[in-house]
Amino acid sequence: PSMDPLTLRRRAALLRDDALIRLQRRGGLAPADGRGVGRRAAFWALFGWLPIAAWALATGRSFSDDGESLLVHYGVTVRLLVAVPLVLVAEGVLLGGVVRLASHGVSAGVLHGDAEALRPVGAWLVALRDRAHPWALAAGASVGWLAATGALSVPTDDDHALRWTGAEGVGSFGALWYLWVARPIFIACVAVWLWRAVLLGIALHRLAPVGLRLVPTHPDRVGGLGFLDALPKAFGLVAFSISAVAGSGWAHAIAQHGASVGDYRVQMVATVLFCTVVFIAPMLVLAGPITRARKAALLAYGALVGRHGDALHRRWIGGERIDDPVLDAPEIGAAADAAVLYESAAKMLPVPLRPAAVAAVAVPAALPMVAVLAIQVPIADLLKAVAGALL
């Protein structure tokens, strides 16, 4: 049977029905037949932020003249009211994108349309999705990262990230809610997306041998996979969220404490590079199939062009009577057209990462850094610097 839209939506359950969404369905945060993206985005954002905001308002820490109130510690608000909703909205973007792109790939003949051939791979991936140890590994990696950055150390009243609590200090309700409820919500969202990036890479790796029919002469130079450039858009939202949280902390230091944007130049570049590399990495697993298709095509089309050229030379230069059907094949055409087949295969890119795919992640990751730079550097000067670098 061919892979119709219903089958494609069922295949997308790999992304739609992971352990966390099933858990939230039990709690009523998501409908039984969907994800409830808007509902969950609003709930988790407000669940994390409203108690802190209410405490700050009640204790007079929403605004203050010392530059250390809640609203000028931009990271708290950005983390909960911007990053968390965007990360959850990205789920719907990724799910819809996978279904649309898979449908297009099947209709274009690049993706295998035989559902029976893909069934064992799909079953293996669903089993991997439902296992507990990948989630435990993601949680362990998150805890390790937090420990390495000192986020799990016992906070003190000198901890600048909690200065917005004022005289109440780290033992206040606002600080405790932020440390043990609000911040873990964001960390969990990021950890889930890191696992999704890994799972998508594994899925592409397992599906490639049985699910791809690459066309080496395709004008997109990636065997017909150019339509996958739209896939990183969802990861772009996540990259923007991570970058915005990092940048908001630096923006506070620059705007409220006189720090220089130059003090954070390396961190800004590292953040953009990290987000870009991590979220385009799943596409790199297709480098192997593309490379193999290119090598096979160069041998096959090289032999075909050589046969065509040899028969042409023998007929018109050597004067021989050549009865080779390759000379009369309309789909090959003249010698110049035959050579184009070989040249097209030779121009295939080694990885399916055209500029559009990289920009879909890199540009959103860079936007918060531009906002941070704009605190001290006028936008006009930034644009001139960018134009000068490009020209």
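Now for a look at the structure at hand. (Residues numbered from 1 in each chain as written. Predicted model: local features only at pLDDT ≥ 70, side-chain atom pairs only at ≥ 80, totals over all residues. Heavy atoms only, no water.)

1. What about the nonpolar core?
Side chains that are nonpolar tend, in soluble globular proteins, to be buried together.
Right, so step 1: Ranked by internal contacts, the top residues of the largest apolar core, which has 72 residues, are Ile 52, Trp 164, Tyr 178, Trp 193, Leu 225, Phe 235 and Phe 279.
Right, so step 2: Listing elements by their share of this core, those giving two or more residues are helix 4 (37–59), helix 5 (74–108), helix 8 (173–211), helix 9 (233–257), helix 10 (265–284), helix 11 (287–316) and helix 13 (355–373).
Right, so step 3: Tallying contributions element by element places helix 8 first for this core, with 14 residues.
Right, so step 4: If we ignore the near neighbours within four places in the chain, the residues touching Ile 52 are Leu 70, Val 76, Leu 80, Trp 164, Gly 174, Trp 177, Tyr 178 and Ala 182. (Core = buried A, V, L, I, M, F, W, Y, C linked by side-chain atoms within 4.5 Å. Buried < 20%, exposed > 50% of the residue type's maximum accessible area, 1.4 Å probe, protein only. Helix = DSSP H or I, 4+ residues; strand = E, 2+ residues; numbered from the N terminus. Contact = heavy atoms within 4.5 Å.)

2. Looking at the packing of aromatic side chains
Any aromatic ring pair is given by two values, namely how distant the centres are and how the planes are angled relative to each other.
Right, so step 1: According to the stated counting rule, one finds 10 aromatic pairs in the structure shown.
Right, so step 2: Pairing Trp 250 with Tyr 264 gives two aromatic rings, centres 5.8 Å apart and planes at 20°, and the pair type is stacked. Here Trp 250 is found in helix 9, whereas its partner Tyr 264 is found in the loop between helix 9 and helix 10, with 14 residues between them in sequence.
Right, so step 3: Overall, the relative accessible area of 15% leaves Trp 250 in the buried class.
Right, so step 4: Grouped by ring-pair contacts, the aromatic residues Phe 43, Trp 44, Phe 47, Phe 173 and Trp 177 constitute a single cluster.
Right, so step 5: Sitting over the face of the ring of Trp 193, Arg 196 holds its NZ or CZ atom 5.2 Å from the ring centroid. (Phe/Tyr/Trp six-rings, centres within 6.5 Å; stacked < 30°, edge-to-face > 60°. Lys NZ or Arg CZ within 6 Å of the ring centre and 35° of its normal.)

3. Some words on the packing of helix 10 against helix 13
Right, so step 1: Interhelical geometry of helix 10 versus helix 13 gives an angle of 160° and a closest axis separation of 9 Å. Comparing their axes, helix 13 and helix 10 come out roughly antiparallel. Once helix 10 is placed against helix 13, the crossing between them reads as right-handed. Every residue of helix 13 that contacts helix 10 at Met 268, Thr 271, Val 272, Cys 275, Thr 276, Phe 279 and Ile 280 is listed here: Ala 357, Val 358, Val 361, Ala 362, Ala 365, Ala 366, Met 369, Val 372 and Leu 373.
Right, so step 2: Residues of the contact of helix 10 with helix 13, tallied by class, amount to 14 nonpolar, two polar and no charged. (Axes fitted to C-alpha atoms, helices over the stretch in contact; angles between N-to-C directions. Parallel < 35°, antiparallel > 145°, perpendicular 65-115°, else oblique. Left-handed = near helix turned anticlockwise from the far one by under 90°. Nonpolar A, V, L, I, M, F, W, Y, C, P; charged D, E, K, R; others polar.)

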